[in-house]
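A structural walkthrough
Next come the chains, spelled out residue by residue.
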Amino acid sequence: MIRTAWSAELLDSSLMLQVTARGRTMAAGGEFVDGWLVAQVLGEGAYGEVRLLVHARSGAAVALKVVRGAGADAEAQAGAAREAALHRALRHPHVLRCLGERVHAGQHYMFLEYAAGGELFDRIEPDLGMCEAQARRCWRQLLAGLQYLHARGVAHRDIKPENLLLDQNDNVKISDFGMATLFRHGSRERLLSRVCGTVPYAAPEVLRAPAAPYRAPPADLWAAALVLLAMLAGELPWERACDDDSRYAEWCAWSEGVVRGGPPARGPWRKLSAPALALLRRALAPAPTARAPLSALLDHEWVRHECERAWRSQPARADGCDATDAAAGALSAADMDALISSSQPAAADDLLLRASGSARAPLVRRMTRLWLRAEPSRALHALGLALRRRGYVWRRLHPHLLAIECGAELHMRACALRYGAGGTLLEFRRSRGCGLQFKRRFVELREALRPLEAPPPDDDDAALS
């Protein structure tokens, strides 16, 4: 359990994080090793957490994944070592880079390319999705990444929007190789027998393992097809791909031609254009042998359709250089080597960071945040009332930080940051559970807090940095 007491204030468009850290946890605003500041929590889950490290001199940024329990548990330690070894061997524009690793004081650290655009699920509006042009661009890039992985004999085994990151130019980066494995060596392919992944995205043959071992590529492509459906419709079609799920059974009957006519009335199918539905009918064939291979998906008319304009939520650099590469270029090999090989992380009881004009990396632009006309205490009180009315359980980790449980499967945190004269930025972050369900709960809470909502600052990035 992470035991970090912290508070934060946003004053005059500058960020101040006052941190008190106890034990072995890292604190936002502190140094991990000399010259590297812990700037922001990017994500967390059962594995541990991911934090943003910023180089104090150059402003270069890397993501630091801390694998919880890897030092104390031999199996977890071996798993973290396998993940790092496999991930470090991968080099592709649509696969997040692993820059290195180290083990210290019972923790396994992995240094990853920083994806400033955040998680793909953050761009998917619940029950609406995103426009076809955006979804097509993202899916093309996901397929390109999978084509590279499968050519190298690597199965990801947990493709979902939460594991697809975006760089500053909104290019997809496949991340989180904790469940990945090698399914082919040379010309020899092995069948897999482990049930793994995330249940709503798992292929039917995965859920039947180990009784019936399965081929890896069709299972990854099944999950990728459900990512596309989530992008187009903003919802998933079933809870699990098995005969006991009535919605899945309806899909099987229609997709295999047992039931004629239009697609199932229940679920997202009638939100789709005819070409997109035809593509998904091939990609989500229940029998893996009947499922379209990756080459056929890439050649499908819907995938090959030219976008009218490239989708970018942030402008590209004028020189055409990817911002992530530019940041990495500002970091010397010696600085990176020091980060990975330093024998002792910096440790301090009280750490303070003021970012005011120094070199820095852009923080993740979260879509799940609200600007409110209220002091932090009043904002969190209003949030607490909204949570109580919905039967959600919450507890205060700190005067400005709530841990929220929306049932057993979805956990989140809400942090209140003061800005300006009496205003509050309320930021929500998913800790556990489905990204789409998290967005639905966020939309509910946003509506409940609408009477307090304020327009965001003209430059909200500047207000947070």
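Quick summary incoming for the structure in this document. Starting from 1, residues in each chain are numbered consecutively following that chain's sequence as written. For a predicted model such as this one, the threshold for reporting local features is a pLDDT of at least 70, and the threshold for listing and counting side-chain atom pairs is 80 or more; totals across whole chains, interfaces and linings nevertheless cover every residue. Each side-chain value is worked out from all heavy atoms of the structure, with water and hydrogens disregarded.

**With respect to the nonpolar core**
- By size, the foremost hydrophobic cluster in this structure holds 69 residues, and its most contacted members are Trp139 and Met231.
- With 15 residues, the top contributor of residues to this core is helix H4 (residues 216-233).
- The criterion used for residue contact is that any of the two residues' heavy atoms lie within 4.5 Å. Ignoring sequence-local partners within four residues, the contact set of Trp139 consists of Ala224, Ala225, Leu228, Met231, Leu279, Leu297, Trp302 and Val303.
- Only buried residues count toward a nonpolar core. Its members are Ala, Val, Leu, Ile, Met, Phe, Trp, Tyr and Cys residues joined through side-chain atoms within 4.5 Å. Between buried and exposed lies partly exposed: a residue is buried under 20% and exposed over 50% of the maximum accessible area for its type, with that area taken using a 1.4 Å probe on protein chains only. One finds Leu370, Leu387, Tyr392 and Leu445 within the second-largest nonpolar core, a separate group that totals 25 residues. Labels follow the DSSP assignment, with helices taken as runs of H or I lasting at least four residues and strands as runs of E lasting at least two, numbered in each case from the N terminus.

**Topic: the packing of helix H5 (residues 246-255) against helix H6 (residues 274-283)**
- For the pair H5 and H6, interaxial distance at closest approach is 11 Å and the crossing angle is 100°. Relative to H6, H5 is oriented roughly perpendicular. Contact with H5, carried on its side by Trp251, Trp254 and Ser255, involves Leu277, Leu280 and Arg281 of H6 and no other residues of that element.
- Charged residues are taken to be Asp, Glu, Lys and Arg, nonpolar residues to be Ala, Val, Leu, Ile, Met, Phe, Trp, Tyr, Cys and Pro, and polar residues to be all remaining types, Gly included. Its residues assigned to classes, the contact of H5 with H6 comprises four nonpolar, one polar and one charged. Where helices are involved, their axes are fitted lines through C-alpha atoms of the stretch in contact, as for all axes, and angles between N-to-C directions lie from 0 to 180°. Comment on the angle field: the value is read as roughly parallel under 35 degrees, roughly antiparallel over 145, roughly perpendicular from 65 to 115, and oblique elsewhere.

**Examining H4**
- Taking 1.5 Å of rise per residue, 18 residues should cover 26 Å, and H4 covers 26 Å from first to last C-alpha, within 8% of that figure.
- For H4, a buried count of 18 out of 18 residues is recorded, marking the element as mostly surrounded by other parts of the structure.
- At the exit of H4 stands Gly234, carrying a positive phi of roughly 75°. By this rule the span expected of a helix is its residue count minus one, scaled by 1.5 Å.

**Re unusual backbone geometry**
- Note the cis peptide between Ala209 and Pro210, where omega equals 0°.
- One non-glycine residue, Arg157, lies in positive phi territory at about 75°.
- Examined against the element boundaries, Arg157 turns out to sit in the loop between strand E9 (154-155) and strand E10 (164-166).
- Its relative accessible area of 14% is what places Arg157 among the buried residues.
- Even without glycine at this site, Asp176 takes up a positive phi of about 60°.
- Its location among the elements puts Asp176 in the loop between strand E11 (172-174) and strand E12 (181-182).

**Considering the sheet that holds strand E8 (residues 118-119)**
- Paired strands are those between which DSSP finds at least two bridges. An order of E8-E10-E11 is seen for the three strands of this open sheet, with the pairing classed as antiparallel. Sheet topology places E8 and E11 at the edges, where each strand pairs with a single neighbour.
- Here E10 pairs with E11 via three bridges, running antiparallel. Note on E11: the bridge partner recorded for Leu165 is Lys173.

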